[in-house]
Amino acid sequence: MTINIQYVHMATSEAMNEYVTEKLNKLGKKYDWIIGAEVQFAVEHNDKTKGKICKMELSLPGPRIFASSNEGNYEDAVKNTISDLGKQLKKRKEIYKTH
């Protein structure tokens, strides 16, 4: 699985790159048909309580899967986004099992 991480209007972080790669690799081991992942981090300055945005799009056979979350820190945003992607992948796997 190829992972492309982008930071929008903010500095890059090696620690965040490693964290996201570790989480996505766990997901990739569970669902080995994932081709690639596009990850985008952004910050929303207008939001006082949250504002840390993580968007992920997975490439796989069939339509792409997308999830996004807006949290108080990037670690929570990554966890919630990957959790949402996991739910979508589970549904997709059930669809493929029936055929």
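Look a little higher up for the structure.
The model shown is predicted, which means the values in this text are computed figures rather than measured ones.

Rules behind the numbers
The residue numbers shown here count from 1 along each chain, following its written sequence. Per-residue local features of the predicted model are confined to residues with pLDDT of at least 70, and side-chain atom pairs are confined, for both listing and counting, to 80 or more; whole-chain, interface and lining totals are unaffected and use all residues. Just so you know, side-chain values use all the structure's heavy atoms and leave hydrogens and water out. Where helices and strands are cited, they refer to DSSP runs of H or I of at least four residues and of E of at least two residues respectively, numbered from the N terminus. All radius of gyration figures rest on C-alpha atoms, and the globule criterion is 2.2 Å times the number of residues raised to 0.38. Burial here depends on accessible area, computed with a 1.4 Å probe over protein chains only, as a share of the maximum for the residue type. Under 20% is buried, over 50% is exposed, and the range in between is partly exposed. Note on definitions: a residue-residue contact is assigned when non-hydrogen atoms from the two residues lie within 4.5 Å. For every accessible area listed, the method is Shrake-Rupley and the probe measures 1.4 Å; residues are considered covered only by the protein chains on display. We count Lys and Arg on the positive side and Asp and Glu on the negative side, and we leave His and both chain ends out. The location of each charge is read from NZ of Lys, CZ of Arg, CG of Asp or CD of Glu. In this text, buried Ala, Val, Leu, Ile, Met, Phe, Trp, Tyr and Cys residues form a nonpolar core when linked through side-chain atoms within 4.5 Å. We call Phe, Tyr and Trp rings a pair once their centres come within 6.5 Å, taking the six-membered ring for Trp, and we label the pair stacked below 30 degrees between planes, edge-to-face above 60, and tilted otherwise.

(A) Structural detail: the overall build of the protein chain. Helix and strand counts for the protein chain come out as two helices and four strands. Counting from the amino terminus, the protein chain carries its helices and strands in the arrangement β-α-β-β-β-α. The C-alpha radius of gyration computed for the protein chain amounts to 14 Å, which stays within 12% of the reference 13 Å derived for 99 residues, consistent with globular compactness. For the protein chain, with 99 residues in total, the buried portion stands at 34%. Looking at the protein chain alone, contacts between residues at least 24 apart form 50% of all its contacts between residues at least 6 apart. Summed over all atoms, the accessible surface of the protein chain reaches about 6,200 Å², with 49% contributed by carbon and sulfur. With 16 positive and 13 negative side-chain charges, the protein chain shows a spacing of 6 Å between the two charge centroids.

(B) Spatial organisation of the nonpolar core. Of all hydrophobic cores here, the largest spans 23 residues; its most connected members are Phe-41, Met-56, Leu-58 and Val-78. The set of elements that each furnish at least two residues to this core consists of helix H1 (14-30), strand E2 (36-43), strand E3 (52-59), strand E4 (65-71) and helix H2 (74-98). Counting residues per element, this core draws most heavily on H2, which supplies six residues. Non-local contacts of Met-56, meaning those with residues more than four positions away in its chain, are made with Val-20, Leu-24, Glu-38, Val-39, Ile-65, Phe-66, Ala-67, Val-78, Thr-81, Ile-82 and Leu-85.

(C) Up close: the packing of aromatic side chains. Following the criterion strictly, the structure yields three aromatic pairs and no others. Plain terms: the ring middles of Tyr-7 and Phe-41 are 5.3 Å apart, the flat faces sit at 20 degrees to each other, and that makes the pair stacked. Of this pair, Tyr-7 sits in strand E1 (residues 2-8) while Phe-41 sits in strand E2; the two residues are 34 residues apart in sequence, bridging distant segments of the chain. Owing to a relative accessible area of 0%, Phe-41 belongs among the buried residues under this scheme. Members of the aromatic cluster, each reached through a chain of ring pairs, are Tyr-7, Phe-41 and Tyr-74.

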